[in-house]
Structure formats: C-alpha cells, structure tokens
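Geometric and topological summary
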Amino acid sequence: MPSAAPFSWIKPEPWGIHVVPADAWVDPSRAVDRALVTHGHADHARGGHGTTVATPETLAIMDLRYNTREGATPVEYGETIRLPGGVDATYIPAGHVLGSAQILLEHAGERVIVTGDYKRRADPTCPPFEVTPCDIFITEATFGLPVFTHPPIAEEMAKLLERLAAHPDRCVLVGAYALGKAQRVIAELRAAGHHAPIYLHGAMEKMCRLYEEHGVDLGELRMVMDYKKEDIRGHIVVCPPSALNDRWSRRLPEPITAMASGWMRVRQRARQRNVELPLVISDHADWNELTRTIEEVGAQENWITHGREDALLRWCQLTQRRARALAMVGYEDEDD
C-alpha cells in the first residue's frame, strides 16, 4: 500500500484543527468528544466536550468560567501524552496567559505545532514562550500588520503611574480583559514599585483569586463595592472594558479612564471607547515577534490563522517561506 501523503493526519476545518488519527480537535469552537485546548479564553475554550485535555491552570480557568470539571484531563508543561491513533501531544508554554500552551503534535515522524495565542514579552503571570522546531507551524496573527509594534510594558506602566501622581484627588480606572490582561497589569504595577492597594470591579475578583492560588502574587486587592468614594482617591481601579463608561463607574472619584490593549495603538479605537489614557499592552505577539518566531521555528510550512493573515502570508512569500492562510471561524478580537 502507498504511504499516506505528508501531514494528511492534520486537517484544518472551519471550527478547529482536526487531528485525524486521534479524532481530536485543537481549540474547537463546537462541542466534540476529545478537545485539546491551548488556553482559557472564550474563543479557544468552551464547555460541552467529552474530554478536555489542557494544562491544570487552563482546566481551573475553564471550570471557573464554563463549569467544565467533567472529562478534564490535565497535562503539565513538557509532559507528553499518547492519544489514540499513535499521536503524541506535548504542551509547551505559550506566554499568553496563565496556563496557556502551544501543542506539539507528533505522528509518523512528523511534527506540528499549534500555538493558540502567544506573546514573546516577559510576563510575571505565566512562563515564557518556548521556541520549538517543527515541520508545520500553525501560528496566530492577531496583530499581523507591520503597524503593530508593542512598546516596552515598563513605559506604559510609567505613563499610568505618572498620571496617577499628577491627579492625587482622582483615580485612574483601567479597563483590562478579565482573564490575563488584568492580572498582568496588576503584577507589572507591583514590579514597577506600586505597592498601594489596587481596587477591583467585582467581576475581576474570582479570576484574580485563581491566579493567586496558582502562585501569582498580586499584592493587596480591594473590592470597590466595599469602600467609599473618598477611600479610592489617589488609587488605581481595574475593571472589565465594558464597565469603563457605564453607571458603575459613577461611584468612583472623577476617574481618569485608561485601557490596556494592543488595540490602543489604533487611535480610533481609543476615541470610540472615550479612553483618556491609552495603554498599549498586549498579550499577543506583535508584527516583529510574529516574523521573528517564524524565522526561529524554521518550519517547512507555516499555517496562519485568526487575525491579519494576508500580511503575514505575504511576508512569508517574500522571504521564500511556504505558507497558507486558514479560514477559521469563532476566533474573535478580544479586548486584548
């Protein structure tokens, strides 16, 4: 019998990456019998799967958000598990959020990496991205345009703290995605020497406590609902982006609105949200990090998904790298 065509065992479908011999799916957007999940954001993780394979931290996040305890199968970083059909899966740090992983799939001597979401910047809340050689590299491209170059996060923290110091009779209200971005902002503020209490919108509490349970030190956190307006003057408050301009914010002392997101590079997005202090802080790789990662991984072929595929595809073509764009559904722009 003729041997199977190279990489015929890995198939991109609109709702996920299908690992054919194992009948497993990576980050499927619909319920399946066996899901391999890279991280806990809602456009990659969901409930309803028969079995969910992920890092212990991601499983904890999924249990908190989607009540997915049943069928959970934990895999530590660096651990390899054997799936049906002779496929090995190894979870490798992706540097995106707590528990985030790239998944290395090996079958018939061939190696495929599915990155999920990733970044290359240091982050005190999760292990750093690890470059892993492979034959096919399936990469995100959320910020896959040359205009997206993220500044050093220390510069953004300095802007935030300078604005706070200049207005001690007010507070700075930072909109930040509830999983990953909020905790990173808090941890980076601590690293910058800001040790005062940080106030939280009630929707942030459980995820911040989960991070603390997994060894991430966030310092003293207080719930806004437990304090008077006068207590919050001169402090930083963290809330979901949706709360920046709603009625909840009226209980705060003349808040200066800030938002932590890679999209704050786009001035129109900041204006649309009435953001006074845009903070360009992303948990995704920027253009230079995407292209550098492709160079360092050195795959035979690069598959590009959920983002600005066209520009990264063109860059691969111009640098004589084989590449294709995948038509995936269910992946959304988070309030990164």
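Scroll up a little and you will see the structure.
I will try to describe carefully the structure that is included in this document.

So, how was this worked out
Residues numbered from 1 in each chain as written. Predicted model: local features only at pLDDT ≥ 70, side-chain atom pairs only at ≥ 80, totals over all residues. Heavy atoms only, no water. Helix = DSSP H or I, 4+ residues; strand = E, 2+ residues; numbered from the N terminus. Contact = heavy atoms within 4.5 Å. Buried < 20%, exposed > 50% of the residue type's maximum accessible area, 1.4 Å probe, protein only. Pairing = 2+ DSSP bridges. Core = buried A, V, L, I, M, F, W, Y, C linked by side-chain atoms within 4.5 Å. 1 Å grid on protein atoms, 1.4 Å probe; cavity = no way out; pocket = protein on both sides within 12 Å on 5 of 7 lines; lining within 4 Å. Points joined across faces, edges and corners; volume = space filled by probe spheres on them. Nonpolar A, V, L, I, M, F, W, Y, C, P; charged D, E, K, R; others polar. Axes fitted to C-alpha atoms, helices over the stretch in contact; angles between N-to-C directions. Parallel < 35°, antiparallel > 145°, perpendicular 65-115°, else oblique.

**Quick word on the environment of Leu210**
- With respect to the helices and strands, Leu210 occurs in helix 4 (residues 205-213).
- Through-space distance from the C-alpha of Leu210 to that of Val275 is 29 Å; in sequence the pair is 65 residues apart.
- Ignoring sequence-local partners within four residues, the contact set of Leu210 consists of Ala60, Ile61, Leu64 and Leu98.

**A word on the pairing of strand 10 (residues 110-114)**
- Burial within strand 10 is extensive, with 4 of its 5 residues counted as buried.
- As defined by bridge partners, strand 9 (residues 101-107) adjoins strand 10 across 5 bridges and the pair is classed as antiparallel. Bridging from a neighbouring strand, His107 pairs with Glu110 of strand 10.
- Where strand 9 folds back on strand 10, the antiparallel hairpin that results is connected by 2 residues, among which Ala108 adopts a positive phi of roughly 55°.
- As judged from the 3 bridges shared by strand 10 and strand 11 (residues 136-141), these two strands associate in the parallel manner. Across the sheet, the residue bridging to Ile113 is Phe137, located in strand 11.

**Topic: the nonpolar core**
- One finds Leu160 and Val238 to be the most contacted residues of the largest nonpolar core, which totals 36 residues.
- When residues of this core are assigned to their parent elements, the largest contribution, 5 residues, is made by helix 3 (residues 181-191).
- Non-local contacts of Leu160, meaning those with residues more than four positions away in its chain, are made with Val172, Val174, Leu189, Ile236, Leu277 and Leu279.

**Focus on empty space enclosed by the protein**
- Summed over the entire model, instances satisfying the criterion amount to 2 cavities of 30 Å³ or more.
- Put simply, the second largest cavity is a space of about 50 Å³.
- Taken together, Arg121, His150, Pro151, Ile153, Arg184, Val280, Ile281 and Ser282 make up the lining of the second largest cavity.
- Class assignment of the residues belonging to the lining of the second largest cavity gives a composition of 4 nonpolar, 2 polar and 2 charged.

**Some words on the sheet that holds strand 10**
- Taken together, 7 strands build an open sheet; the order of strands is 7-8-9-10-11-18-19 and the sheet is mixed. Each edge of the open sheet carries a strand with a single partner, namely strand 7 (80-83) and strand 19 (322-325). On average, each strand axis in the sheet is tilted by 20° relative to the strand beside it, whichever way the strands run.
- Note: strand 11 against strand 18 (residues 301-307), 6 bridges, orientation parallel.

**Quick notes on the packing of helix 2 (residues 153-166) against helix 3**
- The geometry of helix 2 relative to helix 3 is characterised by a closest axis approach of 10 Å and an angle of 80° between their N-to-C directions. Taken as axis vectors, helix 2 and helix 3 run roughly perpendicular relative to one another. Each of Ile153, Met157, Leu160 and Leu161 in helix 2 lies in contact with helix 3, whose residues at this interface are Arg184, Val185, Glu188 and Leu189.

**Description of the sheet that holds strand 15 (residues 236-239)**
- Spatially, 6 strands are ordered 14-13-15-12-16-17 in an open sheet, and the strand pairing comes out parallel. At either end of the open sheet lies a strand with only one pairing partner, and these are strand 14 (221-223) and strand 17 (277-279). In this sheet, neighbouring strand axes are inclined to one another by 30° on average, regardless of whether the strands run parallel or antiparallel.
- Bridge analysis of strand 13 (residues 198-200) against strand 15 gives 3 bridges, and the strand direction is parallel. Its bridge partner lying in strand 15, Tyr199 is registered against Val237.
- With respect to the sheet, helix 3 is in contact with strand 13, strand 14, strand 15 and strand 16 (255-260), its orientation differing from that of strand 13 by roughly 170°.

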